[in-house]
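Spelled out from the first residue to the last, the chains are:
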Amino acid sequence: MGILSLFGVGGKATEEEKFWKWFQKHSNDIFHFERDREKVFEKLTTALTNVNKDLTFEFSPVRENGKREFVISAGGIKSAFSSVESLCQAAPDFEKWIVVAYRQRRSPLNELSIGDVTVKAEDVYFQLYPDGDKLGVVLFFEHFSQDEYPLYGNLGYLFLDESLGEYDVETKLGFIEFQNTSSSHFEGARPLSSLAEQVDAFYANSSIQG
């Protein structure tokens, strides 16, 4: 959608149009968010909440072409997918921004930290299991415990998003569980770096058979 059609007169502006008009006005401050991260993130979060309370965001570093990616995410909540898509479809062309729907796959996978806990991707393993027409997945962490389930659950979903991308996590995976590497189910587990290949192969084969 172009700038003129987005900001033109006539008709009541949608929440998506209001958001992009606000974003355009504050684009420079957002691009240089490191100057006042807390203030910029607070205002951006409020603006996204006006579209859908479940929307969240990520920024890429500045690329060699002088642009940043602005990733609009549903935070892993499938009911918010339509809001992600409608907001991204309404985005105008920006000189310094590339608007991206959903958290995308990353290669290589990053290590992730929450609070004082940091986990390297190479220390995470998985097993896949049939779950109807989807795949269930178990992620294994060396220091996982039920007492720390919220922490490792958050890390686990972030690692899955890094591995498969947010959209595929929500649409191609069935059950998702987390266990310790001492689990009796750990034998034969594969490194997380091969998860995308395994999932893609399963759905490619299902498509051929279908």
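Please read all numbers here as calculations on a predicted model, not as lab measurements.

Caption draft 1: Summary view of the side chain of E162. Mapped onto the fold, E162 is located in helix 6 (residues 149–164). Look at E162 and you get buried, because its relative accessible area is 8%. Within the local environment of E162, its side chain forms a polar contact with the backbone nitrogen of N110, the two atoms lying 2.9 Å apart. The residues touching E162, leaving out its near neighbours within four places in the chain, are Q104, R105, R106, L109, N110 and L112.

Caption draft 2: Layout of the packing of aromatic side chains. Within this structure, the stated rule accounts for 33 aromatic pairs. Considering the side-chain rings of F19 and F70, the 6.4 Å spacing of their centres and the 20 degrees angle between planes classify their relative orientation as stacked. Taken as a pair, F19 in helix 2 (residues 15–25) and F70 in strand 2 (residues 68–73) lie far apart in primary sequence, 51 residues in all. For the pair F19 and F70, one class covers both residues: buried. Both rings, one in W20 and one in F70, keep their centres 6.1 Å apart while their planes meet at 85 degrees; by these two values the pair is edge-to-face. Taken together, the residues span a long stretch of sequence, with W20 in helix 2 and F70 in strand 2 at a distance of 50 residues. With respect to burial, W20 and F70 carry one shared label: buried. Aromatic rings pair up to connect F19, W20, W22, F23, F31, F33, F41, F57, F59, F70, F94 and W97 into one cluster. In this arrangement the basic side chain of R68 is found over the ring face of F31, its NZ or CZ atom lying 5.3 Å from the centre. Against the face of F31 rests K96, its NZ or CZ located 5.3 Å from the ring centre.

Rules and cut-offs
Residues numbered from 1 in each chain as written. Predicted model: local features only at pLDDT ≥ 70, side-chain atom pairs only at ≥ 80, totals over all residues. Heavy atoms only, no water. Helix = DSSP H or I, 4+ residues; strand = E, 2+ residues; numbered from the N terminus. Buried < 20%, exposed > 50% of the residue type's maximum accessible area, 1.4 Å probe, protein only. Polar contact = N/O pair within 3.5 Å; in protein donor to acceptor, adjacent residues only side chain to side chain. Contact = heavy atoms within 4.5 Å. Phe/Tyr/Trp six-rings, centres within 6.5 Å; stacked < 30°, edge-to-face > 60°. Lys NZ or Arg CZ within 6 Å of the ring centre and 35° of its normal.

In short, the description is geometric, and any link to function would need to be established separately.
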